[in-house]
Amino acid sequence: EAGVTQFPSHSVIEKGQTVTLRCDPISGHDNLYWYRRVMGKEIKFLLHFVKESKQDESGMPNNRFLAERTGGTYSTLKVQPAELEDSGVYFCASSQAGAKNIQYFGAGTRLSVL
Amino acid sequence: TQLLKQSPQFLSIQEGENLTVYCNSSSVFSSLQWYRQEPGEGPVLLVTVVTGGEVKKLKRLTFQFGDARKDSSLHITAAQPGDTGLYLCAGPLLGAGSYQLTFGKGTKLSVIP
């Protein structure tokens, strides 16, 4: 069974550009989470989907970040326009309906905004 | 404000030695997870502890959840080079109504052959 997959693994963009990150959760996992780790800090929660609905988006930094999960399968996280402080590693995780705290993580997307 | 503090931040030991890393908070957690992360990869779940005072063993690794569910420890017996990595503790805060995980910064372990 495939784990959580994220694409791309690395992205280098210039300030002001747009970037879209993609996450494919483990098949059958209703819960999908986005997290971010900026340099020197701990991994921090961004938002949580249950199927296609946003359950908790309290960690989203500002309105330059837009997450979607149309159809309740894969998810995208778009940053528009990107700023320097958006650089970091973006992780996606998924979990089963009955075990929301047991989250399985993807390898992450390393975003560098220059 | 860092809710989960891990110590030490860095640890370098010889193969065969024992070690303990700590995860402490003033807040209560519903459960705590321990992950290990290697460069270029995502955190890999090692164990989940749920009940206060719970002890779980995974081969040479022993995990303990504090009685008050505010802290946890990971003890490794006879460390091996394959144990090298970043150890992270994380958990959902009790009563938060959310399953977002709060993470510590991690303990970076190096086991020297």
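Just so it is clear, the model here is predicted, and its values are computed rather than measured.

Quick word on the overall build of chain A
- Scanning chain A from N- to C-terminus turns up zero helices and eleven strands.
- When the helices and strands of chain A are read in sequence order from the N terminus, they spell out β-β-β-β-β-β-β-β-β-β-β.
- Since a compact globule built from 114 residues should have a radius of gyration of about 13 Å, the 13 Å found for chain A is in line with a globular shape.
- For chain A, with 114 residues in total, the buried portion stands at 48%.
- Contacts in chain A between residues at least 24 apart in sequence constitute 52% of all its contacts with a sequence separation of at least 6.
- Of the roughly 5,600 Å² of accessible surface on chain A, a fraction of 48% belongs to carbon and sulfur atoms.
- Each charge class in chain A was averaged separately, 13 positive and 12 negative side chains, and the resulting centres sit 3 Å apart.

A look at the environment of isoleucine 76 of chain B
Residue and element names in this part refer to chain B.
- Its place among the elements puts isoleucine 76 in strand β8 (residues 71–76).
- The exposure class of isoleucine 76 is buried, given its relative accessible area of 1%.
- A sequence separation of 55 residues divides isoleucine 76 from valine 21, and the C-alpha atoms of the two residues are 8.7 Å apart.
- Isoleucine 76 has contacts with Glu17, Asn18, Leu19, Arg60, Leu61, Asp83, Tyr87 and Leu109, leaving out every residue within four places of it along the chain.

What about the interface of chain A and chain B?
- Chain A puts 19 residues into the contact, and the matching count from chain B is 21 residues.
- Carbon and sulfur atoms supply 57% of the area buried between chain A and chain B, which totals about 1,600 Å² over both sides.
- Remark: the boundary between chain A and chain B carries zero salt bridges.
- Seen at the junction of chain A and chain B, the total is seven residue pairs in polar contact (both at pLDDT 80 or more).
- When residues of the side of chain A that touches chain B are traced back to their parent elements, those giving at least two are β4 (31–37) and β10 (104–105) of chain A.
- Top element by residues in the side of chain A that touches chain B is β4 of chain A. It accounts for three residues.

Some details on the sheet that holds strand β3 (residues 19–24) of chain A
Residue and element names in this part refer to chain A.
- Strand order in the open sheet made by the four strands is β1-β3-β8-β7, with antiparallel pairing throughout. For this open sheet the edge positions go to β1 (5–7) and β7 (65–68), each flanked by a neighbour on one side alone. Pairwise comparison of adjacent strand axes, ignoring direction, gives a mean angle of 15° for this sheet.
- When β1 meets β3, the two strands line up antiparallel, connected through three bridges. Bridge pairing in β3 links threonine 5 to aspartate 24.

Points about the pairing of β4 of chain A
Residue and element names in this part refer to chain A.
- Among the seven residues in β4, seven count as buried, and that is most of the element.
- Residues Asn31, Tyr33, Tyr35 and Arg37 point to one face of β4 and Leu32, Trp34 and Arg36 to the other, with burial holding for every one of them.
- Sheet topology places β4 next to strand β5 (residues 44–50); six bridges connect them, and they run antiparallel. Within β5, the position partnered with asparagine 31 by the bridge is valine 50.
- Linking β4 to β5, which pair antiparallel, is a turn of six residues; within it glycine 40 sits at a positive phi near 85°.
- Alignment of β4 against strand β9 (residues 88–95), held across seven bridges, turns out to be antiparallel. Paired with leucine 32 across the bridge in β9 is serine 94.

Criteria and thresholds
Residues numbered from 1 in each chain as written. Chains lettered and ligands numbered in written order. Predicted model: local features only at pLDDT ≥ 70, side-chain atom pairs only at ≥ 80, totals over all residues. Heavy atoms only, no water. Helix = DSSP H or I, 4+ residues; strand = E, 2+ residues; numbered from the N terminus. Rg over C-alpha atoms; globule rule 2.2 N^0.38 Å. Buried < 20%, exposed > 50% of the residue type's maximum accessible area, 1.4 Å probe, protein only. Contact = heavy atoms within 4.5 Å. Areas by Shrake-Rupley, 256 points an atom, 1.4 Å probe, with all protein chains shown as cover. Lys, Arg positive; Asp, Glu negative; His and termini not counted. Charge placed at Lys NZ, Arg CZ, Asp CG, Glu CD. Buried area = accessible area lost by both parts, 1.4 Å probe. Salt bridge = Lys/Arg side-chain N within 4 Å of Asp/Glu carboxyl O. Polar contact = N/O pair within 3.5 Å; in protein donor to acceptor, adjacent residues only side chain to side chain. Pairing = 2+ DSSP bridges. Axes fitted to C-alpha atoms, helices over the stretch in contact; angles between N-to-C directions.

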